[in-house]
Amino acid sequence: MPRIRVPQSFSAGLFLTYCCPSACRHCLYACSPAWPADWPGLEELEACLAALSRRLRPHPWGPRTVGFNYGLHFTGGEPFLNFELLLDGVRLASEYRLPSLFVETNCFWCRDDDLTRDRLLALKGAGLHGLLVSVNPFTVERIPFERLERAIRLGQQVFGRNLLIYQVEFYHLFRQQGLQGTLPLEDFLTLFGPRAFAGTTELLLAGRAAYRLQHLFPVHPAERFLAQPCPTPLLRNWHNHVDNYGNLLPGFCGGLSLGHWRDLDRLETEGLELQEYPILKYLISGDMAGLLDLARAHGYRTRPAGYISKCHLCLDLRKCLADQGDFRELRPREFYKHLEND
Ligand code: SF4
Ligand code: SF4
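Residues numbered from 1 in each chain as written. Chains lettered and ligands numbered in written order. Predicted model: local features only at pLDDT ≥ 70, side-chain atom pairs only at ≥ 80, totals over all residues. Heavy atoms only, no water.

Enquirer: Sorry if this is basic, but what is going on with the environment of F197 here?
Expert: Turning to its location among the elements, F197 is positioned in the loop between α6 (185-192) and α7 (209-212). Residue classification places F197 among the buried residues on the basis of a relative accessible area of 11%. F197 sits 30 residues away from A227 along the chain, and the two C-alpha atoms are 25 Å apart. If sequence neighbours within four positions are ignored, F197 has contacts with P137, F138, F170, L185, F188, L189, L203 and L216. (Helix = DSSP H or I, 4+ residues; strand = E, 2+ residues; numbered from the N terminus. Buried < 20%, exposed > 50% of the residue type's maximum accessible area, 1.4 Å probe, protein only. Contact = heavy atoms within 4.5 Å.)

Enquirer: Just checking my understanding: could you explain unusual backbone geometry for this structure?
Expert: Negative phi is the rule for most residues except glycine; trans is the rule for most peptide bonds. A cis geometry characterises the amide bond from Y166 onward to Q167, with omega recorded as 15°. Note on placement: Q167 falls in the loop between β6 (163-166) and α5 (168-176). Here the residue pair R331 and P332 is connected by a cis peptide bond, since its omega of -10° sits within 30 degrees of zero. With respect to the element layout, P332 can be found in the loop between α11 (310-324) and α12 (334-337).

Enquirer: Got a minute to help me understand the site of ligand 1 in this structure?
Expert: Taken together, C20, S22, A23, C24, H26, C27, C31, G77, N106 and T139 form the complete shell of residues around ligand 1. Considering only residue class, the shell around ligand 1 consists of five nonpolar, five polar and no charged. (Near = heavy atom within 4 Å. Nonpolar A, V, L, I, M, F, W, Y, C, P; charged D, E, K, R; others polar.)

Enquirer: Explain the site of ligand 2 here, please?
Expert: By nearness alone, every residue bordering ligand 2 is listed as C230, P231, L234, C253, L283, K310, C311, C314 and R318. Tallying contributions element by element places α11 first for the shell around ligand 2, with four residues. In terms of residue class, the shell around ligand 2 is made up of seven nonpolar, no polar and two charged.

Enquirer: Help me out: how do you make sense of the pattern of salt bridges in this one?
Expert: Should their charged atoms come close, side chains of opposite charge can pair. Using the criterion set out here, one finds 18 salt bridges in the structure. Note that E273 and R3 form a salt bridge whose closest N and O atoms lie 3.7 Å from each other. In this pair, E273 is assigned in strand β9 (residues 272-273) and R3 in strand β1 (residues 3-4), connecting sequence segments 270 residues apart. Residue classification places E273 among the partly exposed positions, given a relative accessible area of 22%. Judged by relative accessible area, R3 falls into the partly exposed class, the value being 41%. (Salt bridge = Lys/Arg side-chain N within 4 Å of Asp/Glu carboxyl O.)

Enquirer: I'm lost on the packing of aromatic side chains in this one. Help?
Expert: Two measures describe an aromatic ring pair: the distance that separates the ring centres and the angle between the ring planes. Applying the stated rule across the entire model yields 15 aromatic pairs. Summarising the aromatic geometry, the rings of Y18 and W35 are spaced 4.2 Å apart at their centres and angled 10° between planes, so their arrangement reads as stacked. Taken together, the positions of Y18 in the loop between β2 (11-15) and α1 (42-53) and W35 in the loop between β2 and α1 put the pair 17 residues apart, joining distant regions of the chain. Exposure class is identical for Y18 and W35. Each is buried. Judged by centre distance (6.2 Å) and plane angle (70°), the rings of F170 and F188 are edge-to-face. Separated by 18 residues along the polypeptide, F170 in helix α5 and F188 in helix α6 bring together distant segments of the chain. Here the aromatic residues F145, F170, Y171, F174, F188 and F192 are joined through ring pairs into a cluster of three or more. Across from the ring centre of F83, 4.7 Å away, lies the NZ or CZ of R119, which sits over that ring. (Phe/Tyr/Trp six-rings, centres within 6.5 Å; stacked < 30°, edge-to-face > 60°. Lys NZ or Arg CZ within 6 Å of the ring centre and 35° of its normal.)

Written out as structure tokens, the structure is:
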């Protein structure tokens, strides 16, 4: 497998930062207030949007309709930490006719109706098509539920059916409970038990969840995961991310980079020279045992406590390798510092 082409993606999330006022225990990208903001410059942002505009496809109902896996969304980290940049980004994305354009937020900023409505109207005026509000037991640990409700109520007024809630099951659960203010995860678990993560709700045991939620899930030895496929394909043509450092992040795999977005044309046509990216080579070929051997050669010892998922094992191996070596595919390096302690 000397070279592998990166599939052209028809939907993408664009990080404006990894910085976030929350530090959710399940965050796939280990975001937190401890990250430097490192906002992209406008020229960089415009060039990136121009490159994405040649690739992204609209929702089947048209370019002004939003959906989780169509077109472009601004995300992070928390994009509303720099509202002026977000507004400029939306204007530029609109000029480049990026389809199905929405912003994802944890609503920390929705402190009153006037401010919330003004910002949503300004974004709509700049060309934004919709808003995604994150609702789950981890964001409400730090963000008062009233702010989420406010964003949803006013977001529906401004964007109509283009107001998305992820995850709507938790929104209804919290409303039924009459939740006010924040709710520590321990209290949530006392009320609902770990069953609340079963059924239709989605919780990927990857990113920070692998470390901060491991006490909630059964653990297994590394061997159990060596032959398991990835929970979602590593190389796919939908819902990938580009971060504020230019990294092309496959799927939901935080801390793993397929290269820089400026190289997209080459990566999609000529492909990646896998010999230069040993970690990607093992992961793309499904050779987890090979990755384990590589990590062992760099001093890795398997965890006596075991692992809750294949992504947990994968992350733990990559964390060791990021610490001990200089692998270009382990970007941003900062990610590995923010997994456990923030
Ligand atoms: S999951 Fe969202 S709200 Fe929570 S830390 Fe990550 S980016 Fe911030
Ligand atoms: S095992 Fe690793 S490469 Fe596969 S989906 Fe999980 S984090 Fe990504």
